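Structural description and commentary
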Number of protein chains: 2
Amino acid sequence: MTMPDPTVAIMSPGDMGHAVAAMLRAHGVRVITCLEGRSPRTRSLAEQAGIEAVPDDDALVREADLLLSILVPAQAESLARRIAAALERTGKALIYVDCNAIAPQTARRIGQLVEAAGGRFVDAGIIGPPPRTGTRTPFYASGEHAKSFAVLRDFGLDVRPVSQRPGDASAVKMCYAALTKGTTALMTELSVAAERMGVTAVLRQELSESQQAALERMIGNVPAMVPKAHRWVGEMEEIAQTFEDCGLTPKTYLGAAEIYDFVAHTSLGTVSPEQWRDEGRPFEQVVALLAKER
Amino acid sequence: MTMPDPTVAIMSPGDMGHAVAAMLRAHGVRVITCLEGRSPRTRSLAEQAGIEAVPDDDALVREADLLLSILVPAQAESLARRIAAALERTGKALIYVDCNAIAPQTARRIGQLVEAAGGRFVDAGIIGPPPRTGTRTPFYASGEHAKSFAVLRDFGLDVRPVSQRPGDASAVKMCYAALTKGTTALMTELSVAAERMGVTAVLRQELSESQQAALERMIGNVPAMVPKAHRWVGEMEEIAQTFEDCGLTPKTYLGAAEIYDFVAHTSLGTVSPEQWRDEGRPFEQVVALLAKER
C-alpha cells in the first residue's frame, strides 16, 4: 500500500488523542474526527489543534485511511461497534487501530467485530506519556496489518510492530502497566495504611535507610497519580482480566482498581490535572489528605 | 530492671530464630528453647547452635527472662496461648516478645492473652535478613515494655523502640513487607503472564529501555523469592487483614498471597533453600518454569 499523505481519524481526542493529532499534524498529516454529541469545549479544543470535524461516522470512515481508537478502556468496544456499523454501510476497508489499554482477549474480540464489517484490524498499545518532541512513546502494534499502521513512523509516531497476532501488543501494554501502575497502587495503599495507623514517620525513616530508591519513586509517583486515578480504574480491571485469562489470580489488580477508585472519589481525585500541577502538593500532604477520607 | 546476663527463650528456632540465637550466644547470652514434639533434625540443629533444650513450657518460662516468638504468622497466636497457660501455672512475669509478621490487631490480641496470664508483652517486627555480623536487621518494638526488650541491644540485636502502643511495630513491619514482598508478587505475576502470552522478549526489551531499575529488581528478586514463597503466603494474608482493618481493600494482598501460594505449590517451590542456592537458576528460567505449571 502506498500512502504518501494519509488521512487519520482519531476517536476521541482527549489528552493522548490530542497529542497524537498534534504530532501527525506537525508532519503534514490531515487529522479528522467526529464530534457528534460532544461538548462545545471539546469542539473548540479540536479546532485549535487543527483537527477537522466531519459530520458523521460514515463521512469519517470514507475520508480516513486509518482510524486510531484512543479512549478509556470501557469505551473501546462500543466505539468498535459504532465504526463497524459505518464500515458496513460504506463498504470501506479502513485500517482500524485499537490503541487502548485493554486485555488481549478484548482486543481480539474488537478485531473480529472490525474484520467482520470489512475493516482491517491492528492491535496497538501505547507506552509512556502523550507523544511530543523529545518524549519516548512507543506504539507497539500486532496483527497482520501492523505494517500498514507503521507507515505513521514517517509522520512522527514510534510504531513498533511485534507480531502477526492481534492481542500481543495489548499483552505487552498490560504487563508494563501492571508493573508501573500496579506498583504505584501498592505504594498508595501502604502509605495511606501507615498514616491511618500512625506509623508514617518510623516507616519513612526505615525506607530512607533501606529502600531509598523505592521511597523516591513513592514520593514522585503517588502525587502524580492522583489526577489520573479515575482513568486507571478501568485499566487495572483490564489487567485483572488479562491475568485471569492466563490462569493467574485477578485479585491483585482488582485490588489496585479499588485503590484508584478510592483515590478518584476523594476530594483530591476530582481536581483537574492543571489545577493539581499548579497546587504542587507534596507526597506527605497527599497521603495525609487521602488517609482522612473514607 | 537490671538484667546483666539475661536468659532468652526462642520459640521456635527456624532460619530467623537460629540466627537470632547465634547472635545472642556470641554475646554470652544463655539461649533456651523447648523442643517437645520436634524432629531429631531440629534437635540436632539447636544443639549445634548452642541452644539449650528444656523439658517443657513451664521450665522454659521459669528459666527465661525474655521469650522471643519467631514463627510463621499462622502459629503466633497458638504459641501465645500455650505460653500463657505456662505463665498462669508458674506465676512468672515473663517478657513476651512477639517478633512475627502479623497484623497489629493480631499483635494486640496476643498482647491481651499474655498480659491476662501475668506476662509483660512487647510487639516487635523484624525487618531485613536473619541477623549476622554485618547485616542490617532492625527489630522495631512497641508497647510499654519495649525498653525491657531493648536491653538486648547490648547483646547484638538492633532493637528500636518506636512507641508505647502495642501494634505499632507490627504496623511498620506490615507496611514495609507490603512494599518489598508486595512488589515482588506483582513482578512474579506479570512475568508469568507475559511468558504465558508469549511476549516475554518484547516486554524485556521495553523494560530494559524504560524501566531499567525495576527490571534489575525483578531479575534479582523473583528467583530469590521462590524458596521463601510458602512462608510469605501467611504474611500477605496478615497484610490484607491489616489494610482491611484500616478501611482499605484487602484484595491486593489476598492476590499476592495467591501468587505465593501458586509458586509454593510448583515443583520449584518445594526445593530446599540450600538446593535452590546451589542450582542458581536465573530469572528467565524461573519464569519459564513457573509459566508451565498450573
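Residues numbered from 1 in each chain as written. Chains lettered and ligands numbered in written order. Predicted model: local features only at pLDDT ≥ 70, side-chain atom pairs only at ≥ 80, totals over all residues. Heavy atoms only, no water.

**Observations regarding the overall build of chain A**
- Counting secondary structure elements, chain A contains 13 helices and eight strands.
- Against the 2.2 N^0.38 benchmark of 19 Å for 294 residues, chain A shows a C-alpha radius of gyration of 20 Å, consistent with a compact globule.
- When burial is assessed residue by residue, chain A has 57% of its 294 residues classed as buried.
- Counting only contacts in chain A whose residues sit at least 6 apart along the sequence, the fraction spanning at least 24 positions is 66%.
- When the accessible area of chain A is evaluated, it comes to approximately 11,800 Å², of which 49% is carbon and sulfur surface.
- Counting 31 positive and 36 negative side-chain charges, chain A places the averaged centre of each group 1 Å from the other. (Helix = DSSP H or I, 4+ residues; strand = E, 2+ residues; numbered from the N terminus. Rg over C-alpha atoms; globule rule 2.2 N^0.38 Å. Buried < 20%, exposed > 50% of the residue type's maximum accessible area, 1.4 Å probe, protein only. Contact = heavy atoms within 4.5 Å. Areas by Shrake-Rupley, 256 points an atom, 1.4 Å probe, with all protein chains shown as cover. Lys, Arg positive; Asp, Glu negative; His and termini not counted. Charge placed at Lys NZ, Arg CZ, Asp CG, Glu CD.)

**Looking at the interface of chain A and chain B**
- Taken together, the contact between chain A and chain B spans 55 residues of the former and 55 residues of the latter.
- Interface area for chain A against chain B, summed over the two sides, is near 4,500 Å², with a carbon-plus-sulfur share of 68%.
- The salt bridge partner of A:Glu206 is B:Arg136, with a shortest N-O separation of 2.8 Å.
- Here chain A is connected to chain B by 22 residue pairs in polar contact (both at pLDDT 80 or more).
- Among the secondary structure elements, those contributing two or more residues to the side of chain A that touches chain B are strand 7 (138-142), strand 8 (158-163), helix 7 (168-197), helix 8 (200-210), helix 9 (212-225), helix 10 (229-245) and helix 11 (251-264) of chain A.
- Tallying contributions element by element places helix 7 of chain A first for the side of chain A that touches chain B, with 19 residues. (Buried area = accessible area lost by both parts, 1.4 Å probe. Salt bridge = Lys/Arg side-chain N within 4 Å of Asp/Glu carboxyl O. Polar contact = N/O pair within 3.5 Å; in protein donor to acceptor, adjacent residues only side chain to side chain.)

**What about the nonpolar core?**
- If you look at the biggest cluster of nonpolar residues, it comprises 108 residues, and the most contacted ones within it are A:Phe243, A:Tyr253, B:Phe243 and B:Tyr253.
- Beyond its immediate stretch of four places on either side in the chain, B:Tyr253 contacts A:Leu186, A:Glu189, B:Ala178, B:Gly182, B:Met236, B:Ile239, B:Ala240 and B:Phe243. (Core = buried A, V, L, I, M, F, W, Y, C linked by side-chain atoms within 4.5 Å.)

**Topic: the relation of the copies chain A and chain B**
- For the pair chain A and chain B, the superposition axis carries a translation of 0.0 Å, the fit reaches an RMSD of 0.1 Å, and the rotation angle comes to 180°. Here the symmetry operator amounts to a two-fold rotation axis. Among all residues of chain A, the minimum C-alpha distance to the rotation axis is found for A:Thr252, at 2.0 Å.
- Interface overlap between copies: 100% of the residues of chain A at the interface are likewise at the interface in chain B, consistent with a symmetric, same-surface contact. (Least-squares fit on C-alpha atoms with pLDDT ≥ 70 in both.)

**Focus: the pattern of salt bridges**
- A complete count under the given rule lists 34 salt bridges over all chains for this structure.
- Residue B:Glu77 is joined to B:Arg109 by a salt bridge in which the shortest nitrogen-to-oxygen separation is 3.0 Å. Placement of the pair is B:Glu77 in helix 4 (residues 76-90) and B:Arg109 in helix 5 (residues 104-116), with a sequence separation of 32 residues.
- Taking relative accessible area as the criterion, B:Arg109 reaches 40% and is therefore assigned partly exposed.
- B:Lys173 is the salt-bridge partner of B:Glu235, the closest N and O atoms lying 3.8 Å from each other. Highlighted residues: B:Glu235 in helix 10 (residues 229-245) and B:Lys173 in helix 7 (residues 168-197), separated in sequence by 62 residues.
- Beyond isolated ion pairs, a larger network of salt bridges with shared partners links A:Arg136, A:Arg153, A:Asp158, A:Arg160, B:Glu206 and B:Glu209.

**Considering the sheet that holds strand 3 (residues 52-54) of chain A**
Residue and element names in this part refer to chain A.
- If you walk across this open sheet you meet the eight strands as 3-2-1-4-5-6-7-8, and the pairing is mixed. Looking at the sheet topology across the chains shown, the edges are occupied by strand 3 and strand 8. With strand direction ignored, the average angle separating the axes of adjacent strands in the sheet is 30°.
- For strand 4 (residues 66-69) and strand 5 (residues 95-98), the ladder comprises four bridges, and the chain directions are parallel. Bridge pairing in strand 5 links Leu-66 to Ile-95.
- Packed on one face of the sheet, helix 4 (residues 76-90) meets strand 1 (7-11), strand 2 (30-34), strand 4 and strand 5 and runs near 170° to strand 5. (Pairing = 2+ DSSP bridges. Axes fitted to C-alpha atoms, helices over the stretch in contact; angles between N-to-C directions.)

**Concerning unusual backbone geometry**
- The peptide bond linking A:Met11 to A:Ser12 adopts the cis configuration, its omega dihedral lying at -10°.
- Assignment of secondary structure puts A:Ser12 in the loop between strand 1 and helix 1 (15-26).

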